[in-house]
Amino acid sequence: MPPYKFGSYPSLKLPDEKSREGIARLVSKVDDFRELKILPEIRSALLQEIKAHTVLRSQNYINSDKKKKTEGELNGLIIRPTPIQTAAIKMINAKRSAGEFLKVFTLAAETGSGKTWAYLAPLFQYLRLEDVKRGEEYVIVDRKEVGAEAEVDAEAEVNEADEVNEADVNEADVKAEAELNEADEVNAEAELNEADEVNAEAELNEADEVNAEAELNEADVKAGAEVNEADVNADSEAVEFAKKHKPTSHRRHRTGIRSIVLVPTHELVDQVYSTVEHTEATLGTKLFKWDTDSNFKVFIQAFRQGIDVLVTTPPKLLSLTRYDSVRNPRALLGSVKFCVVDEADTLMDESFVQDTYNVTKNMCNLNTLVFASATIPSQFNSTIHKLFPDAISVSTPSLHKLPKSIEFRVINASVSPYKGSKMKALAQTLYAIHCDGSERGFEKRVIVFVNNKDDCEKVACRLHEKYGHDVVYISGDDTTDDRKAKVQTFIDPPKDLTDPERSVLKVLICTDLLSRGLNFTGIRNVVLLDVPHNSSDLVHRAGRTGRMNQSGRVFLIINDQDKSHVKGLPKVLRNNRRLG
Ligand SMILES: Nc1ncnc2c1ncn2[C@@H]1O[C@H](COP(=O)(O)OP(=O)(O)OP(=O)(O)O)[C@@H](O)[C@H]1O
């Protein structure tokens, strides 16, 4: 078992005020990606990907009463860094002092605030600079070819010294907090390392470890993992070099996995993979998705040629170690330098923590570990700080607030006309959404969350049989493909209606599993049929709408028994307070 406790995370923890203030100052100064220290090709890949796929493109369905934007207008959207993107890029990319090896960050910001790019930009930057330091083949950038972009970049070059100072100030704040806590905390990191060493030794002693035919040769991986870590100064030289050069198409093969993004669900594997995939052509990233439909032989081939970014779930990653040719997890993961644990509070809760721990402990050459989440439960926070006392919190000023763009309504099913029936209240709410004249010309989609998996079917059958709604539900019997197919209708943009006067409503009934991280495109209405078990669940479920400050509505259906649980909620929402 991991050397720490885990739990159901009843309350949320806010980073200390000093560190929040420091980050607010940092964020307020930046309004353009060009002001951030990212390499031009990474910035262009980022802007291109966001422009083409941002949820902001769904404004035509969500605000159907406003003038429809043309494709040209949508393509001309001005993309500015969100607060978490500014803070994360600045702090993760900040220069490290000599001797600093593993750096751990927790990124926390409200749902739909662009956390994926907040960790992907530093990840790409890390990979690119590592290439430079290894002396990969590069050609001098043709400035004319790169054009105005590169020139603007040269002009906008950030004053590196200032930036590092700012980051240092924040880091110092965070460190101060960690020191205060240190007295009453066991040094869990030491325990972790010790446990690792014992494990590693045991593994090395295993008779079948010496397998001449092993597909994954540990020596190769270690060789592949060899980067001049101590030479921190090489970083700034590499930045300068990379600005003037770009990679040739024939980069050297390097066995192993260089970075991993871990997520909790297969749907999220697809989502993150497709974001990275959109940059493949621009950045030449070699990526791999290890998921239910992946083939081991294909994986091994990709591994031998080198994987820049692997997207997977912890249990799936662990499943690789069950193949005869992958006996030693360290041989598999020893080359990983940058790891992201997305939806971190889920991946560190009791359903995942063992697997997350088992994979990360084998990343023995890790340089950067990023935990990203929209919520920081107290227990999660203390776990991270026990494991990594120097972990740096990067969180935004609006953390744990529901996005202002969400209109939140509480419906009491105990009163007339529902007379205690939550089903009646739900059916009535869906009927009202169906007829409200919004999302004109498009199929409307609504997501209904319940607390228990078994209730999905019951609710779906009642809605369909008694009220005639077009409903799909997530069932425990679904295969991964079944589930993905059901969810896809809600992730894709809505279909156009041939007759705009007709209103079509589709309903998805699901549990918390689908509340994490998924970008449902243009979903304007979310219904919570059960009161979520805790603030975290409330934040994530509500956060499937109102993404990137778009408008959205959340309906919470309660009855008299629930009343005491949500007593404080209206006030919190009215005054835009944080959930605790
Ligand atoms: N700077 C930006 N400007 C406009 N749109 C953006 C920007 N950054 C990301 N987006 C878009 O915002 C949407 C939400 O991004 P993302 O999924 O990364 O949010 P998140 O913070 O991870 O959400 P969650 O907490 O639910 O996981 C995506 O469609 C993404 O393309």
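Because the structure is predicted, anything quoted here is derived from the model rather than measured.

Undergrad: Describe the site of the ligand, listing the residues and the values that go with them.
TA: If you check the shell around the ligand, you find 23 residues, and the closest are Thr 54, Arg 80, Gln 85, Lys 115 and Thr 116. Within the side chain of Lys 115, one N or O atom sits 2.6 Å away from an oxygen atom of the ligand. Summarising the interface, the protein chains cover 95% of the accessible area of the ligand, which totals 640 Å² for the free molecule. Those elements that provide at least two residues to the shell around the ligand are α2 (40-53) and α6 (115-133). Split into classes, the residues belonging to the shell around the ligand amount to six nonpolar, 11 polar and six charged.

Undergrad: Quick rundown of helix α24 (residues 535-542)? Include the residues and the values.
TA: In terms of residue burial, α24 counts as a mostly covered element, since eight of its eight residues are buried. Within the sequence span of α24, burial applies to Ser 535, Ser 536, Asp 537, Leu 538, Val 539, His 540, Arg 541 and Ala 542. One side-chain oxygen of the residue at the start of α24 lies 3.2 Å from the amide nitrogen of Ser 536, identifying that residue as Asn 534.

Undergrad: An account of the packing of aromatic side chains is needed here, citing residue identities and associated values.
TA: Scanning the entire structure with this criterion turns up 10 aromatic pairs. Where Phe 296 meets Tyr 323, the ring centres are 3.7 Å apart and the plane angle is 5°; that geometry is what we call stacked. Taken together, the residues Phe 296 in helix α15 (residues 296-305) and Tyr 323 in the loop between α16 (314-319) and α17 (329-333) connect sequence positions 27 residues apart. The buried category is assigned to Phe 296, whose relative accessible area is 14%. When the ring of Phe 299 is compared with that of Phe 303, the centres are 5.9 Å apart and the planes differ by 45°; the resulting orientation is tilted.

Undergrad: Account for the environment of Lys 486, naming residues and giving values.
TA: Here Lys 486 is to be found in helix α23 (residues 480-491). Lys 486 sits in the partly exposed class, given a relative accessible area of 22%. Expressed as a C-alpha distance, the spacing of Lys 486 and Ile 406, which sit 80 residues apart in the sequence, is 25 Å. When residues no more than four places from it in sequence are discounted, the contact partners of Lys 486 are Val 472, Tyr 473, Ile 474, Ser 475 and Asp 478. A polar side-chain atom of Lys 486 sits 2.8 Å from the main-chain carbonyl oxygen of Tyr 473.

Undergrad: Provide a residue-level description of the state of the cysteines, including the pertinent values.
TA: A full pass over the atoms with the stated rule returns zero disulfides. Distance from the sulfur of Cys 364, which forms no disulfide, to the nearest cysteine sulfur (Cys 339) is 13 Å. Here Cys 456 stays unpaired: no disulfide links it, and the sulfur of Cys 510, its closest cysteine neighbor, is 6.6 Å away. Overall, the relative accessible area of 1% leaves Cys 456 in the buried class.

Undergrad: Tell me what's going on with the sheet that holds strand β6 (residues 307-312), and back it up with residues and numbers.
TA: Spatial ordering of the open sheet is given by β5-β6-β4-β7-β8-β1-β9, a layout of seven strands whose pairing is parallel. Bordering the open sheet on either side are β5 (287-290) and β9 (392-395), each of which pairs with just one other strand. Taking the axes of each pair of neighbouring strands and ignoring which way they run, one obtains an average angle of 20° across the sheet. When strand β1 (residues 103-108) meets strand β8 (residues 368-373), the two strands line up parallel, connected through six bridges. If you follow Val 104 over to β8, its bridge partner there is Leu 369.

Undergrad: Got a sec to walk through a positive patch on the surface? Specific residues and values, please.
TA: There is a patch of like positive charges on the surface, built from Lys 419, Lys 424, Arg 462 and Lys 466. You can see Lys 419 is positioned in the loop between β10 (406-412) and α21 (422-434).

Undergrad: Hey, could you go over the confidence of the model for the protein chain for me, with residue numbers and the actual values?
TA: Here the protein chain averages 78 in pLDDT, while 76% of its residues score no lower than 70. Throughout residues 1-9 the model reports pLDDT below 50, and contacts reaching past four residues in sequence, or to other chains, amount to 28 contacts. This model gives residues 140-233 a pLDDT under 50, and the stretch forms 118 contacts once residues within four places in sequence are excluded. For this predicted complex, the interface score ipTM comes out at 0.99, alongside a pTM of 0.81.

Undergrad: I'd like a rundown of the sheet that holds strand β15 (residues 552-558), residues and numbers included.
TA: In spatial order, the strands read β10-β15-β14-β11-β13-β12; together these six strands make up an open sheet with parallel pairing. In this open sheet, the two strands that pair with only one neighbour each are β10 and β12 (470-473). When the angles between neighbouring strand axes are averaged without regard to direction, this sheet yields 20°. With four bridges connecting them, strand β11 (residues 444-449) and strand β14 (residues 525-528) associate as parallel partners. Paired with Ile 447 across the strands is Val 526, a residue of β14. Along the sheet, α21 contacts β10, β11, β13 (505-510), β14 and β15; its crossing angle with β15, the most-contacted strand, is approximately 160°.

Undergrad: Now, about the side chain of Thr 111: what can you tell me, with residues and values included?
TA: Structurally, Thr 111 can be placed in the loop between β1 and α6. Given the relative accessible area of 5%, Thr 111 is considered buried.

Cut-off values and rules
Residues numbered from 1 in each chain as written. Predicted model: local features only at pLDDT ≥ 70, side-chain atom pairs only at ≥ 80, totals over all residues. Heavy atoms only, no water. Near = heavy atom within 4 Å. Polar contact = N/O pair within 3.5 Å; in protein donor to acceptor, adjacent residues only side chain to side chain. Areas by Shrake-Rupley, 256 points an atom, 1.4 Å probe, with all protein chains shown as cover. Helix = DSSP H or I, 4+ residues; strand = E, 2+ residues; numbered from the N terminus. Nonpolar A, V, L, I, M, F, W, Y, C, P; charged D, E, K, R; others polar. Buried < 20%, exposed > 50% of the residue type's maximum accessible area, 1.4 Å probe, protein only. Phe/Tyr/Trp six-rings, centres within 6.5 Å; stacked < 30°, edge-to-face > 60°. Contact = heavy atoms within 4.5 Å. Disulfide = S-S within 2.5 Å. Pairing = 2+ DSSP bridges. Axes fitted to C-alpha atoms, helices over the stretch in contact; angles between N-to-C directions. Patch = residues over 30% accessible without salt bridge, like charges linked within 9 Å, V, L, I, M, F, W, Y side chains within 5 Å. Salt bridge = Lys/Arg side-chain N within 4 Å of Asp/Glu carboxyl O. Lys, Arg positive; Asp, Glu negative; His and termini not counted. Charge placed at Lys NZ, Arg CZ, Asp CG, Glu CD. pLDDT = per-residue confidence, 0-100.

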